[in-house]
Amino acid sequence: MLVVSLTGCAGGGGGTSSARGSGPLNAVPETQPVAVRQTIATEAMERAESLRQQGMNRQALVEFERAIENNPTLPQAFIGAAEIYRAQGDYESAAVRYGQAADLEPTRFDSRYNQGLMLQLLNRVNEAIRAYLRALEIKPDDYDANLNIATAYLQTGEASSALPYAQRAVRINPRSGPAHANLGSIYGALNRHQDAVNEYLQAAELTELKPPLLLNLANSLGKVGRFEEMVNTLNQVIRAQPSAGAYERLGFAQFRLARYEDALKSFRTSIEIDPSYAPGHTGVGVCLLNEYEFAQRQNDAFRTEGLRHLRTSVQLDPRQTAVIDLINRYR
């Protein structure tokens, strides 16, 4: 089940380099008297802010880290470093610095939220959830935090835990297409497909749904028996991004509408795109056995080819007990 992209993901390229080459330091040198180190930190902060305003982020990062080394009680130094790491795409270092800033200011929402966002981008989803929960203790009605924690819970398969946050995100911003799409994904995961359809359709009025979300919508339309709309939705998907899965779902909908020739063509296209796609082979096999029955079992070529595709499907995915039963009935 695909979910919408994270919010608040501003940042630069995908590299992980930093001005120091190895991310933030953990040790604080104590070779200088405290007063001297505090002065060094203050001056480094001033230089860092000036350099950042001039767009000289690599040099600014060196100064933010110098400030941290000399006075590890300056939240703004940690935040400044985190923001540059984030812009560089070094989410690991950014997560560390945002977390340290949040520990210094436990009531500051932004640092804890951004720590969660970096962790989620690193696919450390359970850690991200913990950070989001702490952020939401500070600011429970933040739209981005509610939307992203719902997405994170869905990533872990905990759709029921995701639901209240996704619902709250919609209440906070009812004109948000991503919020409605995310809630639709969660309803779909909970098998509440009519609710899912309602949310996806609201999302489509507010934003353009990408092919993966349209596939989710098509699946939920099929679950509630709206096969004509399912066909129309899948045709949208195929125009934008043809795939084995989209053609297989199209074949399913056409079969349920008794458009058997169209269904067989769609299933065959599915396995032309991906010969290892088991559901496509199942669809071809079922269509051919259907033709065998329509021919009053007089044309054995339909049965032979149908069984070949069903056996291929089971070889690709042995868990299909219903397909195995069908093979046993017709062999």
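S.K.: Hey, could you run me through the overall build of the chain in this one?
M.R.: Counting its regular elements, the chain contains 17 helices and 0 strands. In terms of overall dimensions, the chain is more spread out than a globule: its C-alpha atoms have a radius of gyration of 27 Å, far above the 20 Å expected for 331 residues. When its C-alpha atoms are laid out on the principal axes, the chain stretches across 95 × 40 × 35 Å. When the 331 residues of the chain are sorted by exposure, 47% land in the buried category. Look at the contacts in the chain between residues 6 or more apart in sequence, and 55% of them connect residues 24 or more apart. As displayed, the chain offers around 16000 Å² of accessible surface, 48% of which is attributable to carbon and sulfur atoms.

S.K.: Quick question: what am I supposed to make of the layout of surface pockets here?
M.R.: Picture a little ball the size of a water molecule; that probe, rolled over the atoms, points out where space is still empty. The volume enclosed by the largest pocket comes to roughly 210 Å³. Lining the largest pocket are Glu-248, Arg-249, Phe-252, Phe-255, Arg-256, Phe-267, Pro-279, Thr-282, Gly-283, Val-286, Cys-287 and Gln-320. Each residue belonging to the lining of the largest pocket can be placed in one class, and the counts come to 6 nonpolar, 3 polar and 3 charged.

S.K.: Would you take a moment to explain helix H17 (residues 321-330) for this structure?
M.R.: Because an α-helix packs 3.6 residues into every turn, residues spaced three or four apart end up facing the same way. Every buried residue of H17 is listed here: Val-323, Leu-326, Ile-327 and Tyr-330. Down the axis of H17, the buried set is contained in an arc of 100°. They therefore lie on one face. Exposed residues pointing more than 90 degrees away from the buried face of H17 are listed as Thr-321 and Arg-329. Buried residues along H17 sit against helix H15 (278-294) and helix H16 (300-316).

S.K.: Looking at this model, I keep getting lost on the packing of helix H1 (residues 34-53) against helix H2 (residues 57-70). Mind explaining?
M.R.: The packing of two helices is summarised by the inter-axis angle and the distance between the axes. One can describe the packing of H1 onto H2 by two numbers: an axis separation of 8 Å at closest approach and a directional angle of 160°. The angle between the axes of H1 and H2 places the two elements in the roughly antiparallel class. The two elements H1 and H2 meet at a crossing, and its hand is left-handed. Facing H1, whose interface residues are Arg-37, Gln-38, Ile-40, Ala-41, Ala-44, Met-45, Arg-47, Ala-48, Glu-49, Leu-51 and Arg-52, H2 presents Asn-57, Gln-59, Ala-60, Glu-63, Phe-64, Arg-66, Ala-67, Glu-69 and Asn-70. Taken together, the residues that form the contact of H1 with H2 break down as 9 nonpolar, 4 polar and 7 charged.

S.K.: What should I look at first to understand the pattern of salt bridges in this one?
M.R.: Side chains bearing opposite charge may pair, as long as their charged atoms lie close to each other. The final tally for this structure, using the stated rule, is 19 salt bridges. Among the ionic pairs, Arg-52 bridges to Glu-83, the shortest N-O distance being 2.8 Å. Within this pair, whereas Arg-52 is found in helix H1, its partner Glu-83 is found in helix H3 (residues 75-88), the two being separated by 31 residues in sequence. A relative accessible area of 25% means that Arg-52 is categorised as partly exposed. Taking the relative accessible area as the measure of exposure, Glu-83 reaches 36% and is therefore partly exposed. Each of Arg-47, Glu-63 and Arg-66 takes part in one network of salt bridges that share partners.

S.K.: Help me understand the packing of aromatic side chains, please; the structure alone is not making it clear to me.
M.R.: Ring pairs (aromatic) are described by centroid distance and by the angle formed between their planes. Summed over all chains, the structure comprises 7 aromatic pairs. Here Phe-227 and Phe-252 contribute two aromatic rings whose centre-to-centre distance is 6.0 Å and whose plane-to-plane angle is 70°, an arrangement assigned as edge-to-face. One end of the pair, Phe-227, is in helix H12 (residues 227-240); the other, Phe-252, is in helix H13 (residues 244-256), and 25 residues separate them in sequence. The side chain of Lys-139 reaches across the aromatic face of Phe-109, ending 5.1 Å from its centre. If you follow Arg-249 out to its NZ or CZ, it ends over the ring of Phe-252, 4.5 Å from the centre.

Reading guide: rules and limits
- Residues numbered from 1 in each chain as written.
- Predicted model: local features only at pLDDT ≥ 70, side-chain atom pairs only at ≥ 80, totals over all residues.
- Heavy atoms only, no water.
- Helix = DSSP H or I, 4+ residues; strand = E, 2+ residues; numbered from the N terminus.
- Rg over C-alpha atoms; globule rule 2.2 N^0.38 Å.
- Buried < 20%, exposed > 50% of the residue type's maximum accessible area, 1.4 Å probe, protein only.
- Contact = heavy atoms within 4.5 Å.
- Areas by Shrake-Rupley, 256 points an atom, 1.4 Å probe, with all protein chains shown as cover.
- 1 Å grid on protein atoms, 1.4 Å probe; cavity = no way out; pocket = protein on both sides within 12 Å on 5 of 7 lines; lining within 4 Å.
- Points joined across faces, edges and corners; volume = space filled by probe spheres on them.
- Nonpolar A, V, L, I, M, F, W, Y, C, P; charged D, E, K, R; others polar.
- Arc of directions from axis to C-beta.
- Axes fitted to C-alpha atoms, helices over the stretch in contact; angles between N-to-C directions.
- Parallel < 35°, antiparallel > 145°, perpendicular 65-115°, else oblique.
- Left-handed = near helix turned anticlockwise from the far one by under 90°.
- Salt bridge = Lys/Arg side-chain N within 4 Å of Asp/Glu carboxyl O.
- Phe/Tyr/Trp six-rings, centres within 6.5 Å; stacked < 30°, edge-to-face > 60°.
- Lys NZ or Arg CZ within 6 Å of the ring centre and 35° of its normal.

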